[in-house]
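Residue strings, one per chain:
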Amino acid sequence: MPGVYFLAGILKTAIIAIDQLPETEATLLLRVLGRDRTQKRAIREVLALSINHPGRNSILRLLANWKVRIDLTEIMESAEREEIMALSEAFLAWETETQTRSQQRERRSLILLQLEQKFGILPPEIIDQISALSLDQMGTLAIALLNFTSLDNLTDWLNQQ
């Protein structure tokens, strides 16, 4: 690929000239990390991606965090900068956890709706058990519930988790 230069095979190393990479989606993240015109064009490509594109939000979050760090570097003393950087990392962790909780709520709501359509009003203890499931377990339940023929099937499945 243009822009990738391999050193001697024994070194197992390559040098990437970001400004020489082809402008494809596969090289987009690397080109965002470039400089000047290369970076500007890559950022425009990111902004032109569909809102539903799987990598768009991650790249925009990276760029926003990067911008904040650059601004802080110019403004603050080193001690304050380290504190703000730690806060920025904490914010990103919080944001990720919030997204996970939101996905859990959405899945739980959908699963409960499907189960209530199939079996009627669910007992509170079953709702509590479903609420305690992880995101992966809820995904498994969403598939398993297609085969449930009675509320006992659901109870058995929950007891196995």
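For the structure itself, consult the block above.
Given the structure is predicted, the values throughout are model-derived calculations rather than measurements.

What counts and what doesn't
- Residues numbered from 1 in each chain as written.
- Predicted model: local features only at pLDDT ≥ 70, side-chain atom pairs only at ≥ 80, totals over all residues.
- Heavy atoms only, no water.
- Helix = DSSP H or I, 4+ residues; strand = E, 2+ residues; numbered from the N terminus.
- Buried < 20%, exposed > 50% of the residue type's maximum accessible area, 1.4 Å probe, protein only.
- Contact = heavy atoms within 4.5 Å.
- Areas by Shrake-Rupley, 256 points an atom, 1.4 Å probe, with all protein chains shown as cover.
- Arc of directions from axis to C-beta.
- Axes fitted to C-alpha atoms, helices over the stretch in contact; angles between N-to-C directions.
- Parallel < 35°, antiparallel > 145°, perpendicular 65-115°, else oblique.
- Left-handed = near helix turned anticlockwise from the far one by under 90°.
- Nonpolar A, V, L, I, M, F, W, Y, C, P; charged D, E, K, R; others polar.
- Core = buried A, V, L, I, M, F, W, Y, C linked by side-chain atoms within 4.5 Å.
- Salt bridge = Lys/Arg side-chain N within 4 Å of Asp/Glu carboxyl O.

K.L.:
Hey, could you go over the overall build of the protein chain for me, with residue numbers and the actual values?
P.N.:
The secondary structure content of the protein chain amounts to 7 helices and 2 strands. Reading the secondary structure of the protein chain in the N-to-C direction produces β-β-α-α-α-α-α-α-α. Out of the 161 residues in the protein chain, the part that is buried amounts to 24%. Contacts spanning at least 24 positions in sequence make up 38% of the contacts within the protein chain whose residues lie at least 6 apart. Carbon and sulfur atoms make up 57% of the accessible area of the protein chain, which totals about 11,300 Å².

K.L.:
An account of helix α7 (residues 151–160) is needed here, citing residue identities and associated values.
P.N.:
Along α7, the residues that are buried comprise L154, W157 and L158. Here the buried residues of α7 occupy an arc of 100° about the axis, which is enough to place them on one side. In α7, those exposed residues whose orientation departs by more than 90 degrees from the buried face are D152, N159 and Q160.

K.L.:
Describe the packing of helix α5 (residues 124–131) against α7, listing the residues and the values that go with them.
P.N.:
Look at α5 against α7: their axes get within 11 Å of each other, and the N-to-C directions meet at 45°. Relative to α7, the element α5 lies oblique. When you trace α5 past α7, the crossing you get is left-handed. Of the residues in α7, those in contact with I126, Q129 and I130 of α5 are L151, L154, T155, L158 and N159. For the contact of α5 with α7, the class distribution of residues is 5 nonpolar, 3 polar and no charged.

K.L.:
Kindly report on the nonpolar core, identifying the contributing residues and their values.
P.N.:
If you look at soluble globular proteins, the nonpolar side chains tend to sit buried side by side. Core analysis: the biggest nonpolar cluster contains 15 residues, and L115, I130, L141, F148 and L154 have the highest contact counts within it. Secondary structure elements with two or more residues in this core: α4 (78–119), α5, α6 (135–144) and α7. When neighbours within four sequence positions are excluded, L154 is seen to be in contact with L115, L122, I126, L141 and F148.

K.L.:
With reference to specific residues and values, describe the pattern of salt bridges.
P.N.:
Taken as a whole and judged by the stated rule, the model has 3 salt bridges. In this structure, R41 engages E23 in a salt bridge whose closest nitrogen and oxygen atoms are separated by 2.6 Å. In this pair, R41 is assigned in helix α2 (residues 36–48) and E23 in the loop between β2 (14–16) and α1 (28–32), connecting sequence segments 18 residues apart. Judged by relative accessible area, R41 falls into the partly exposed class, the value being 32%.

K.L.:
Outline unusual backbone geometry, listing residues and values.
P.N.:
In this structure, K12 takes a positive phi of about 50° despite not being glycine. Mapped onto the fold, K12 is located in the loop between β1 (4–6) and β2. K12 gets classed as exposed once you look at its relative accessible area, which sits at 76%. Of note in the backbone geometry, D36 takes a positive phi value of approximately 50° without being a glycine. You can see D36 is positioned in helix α2. With a relative accessible area of 52%, D36 lands in the exposed category.

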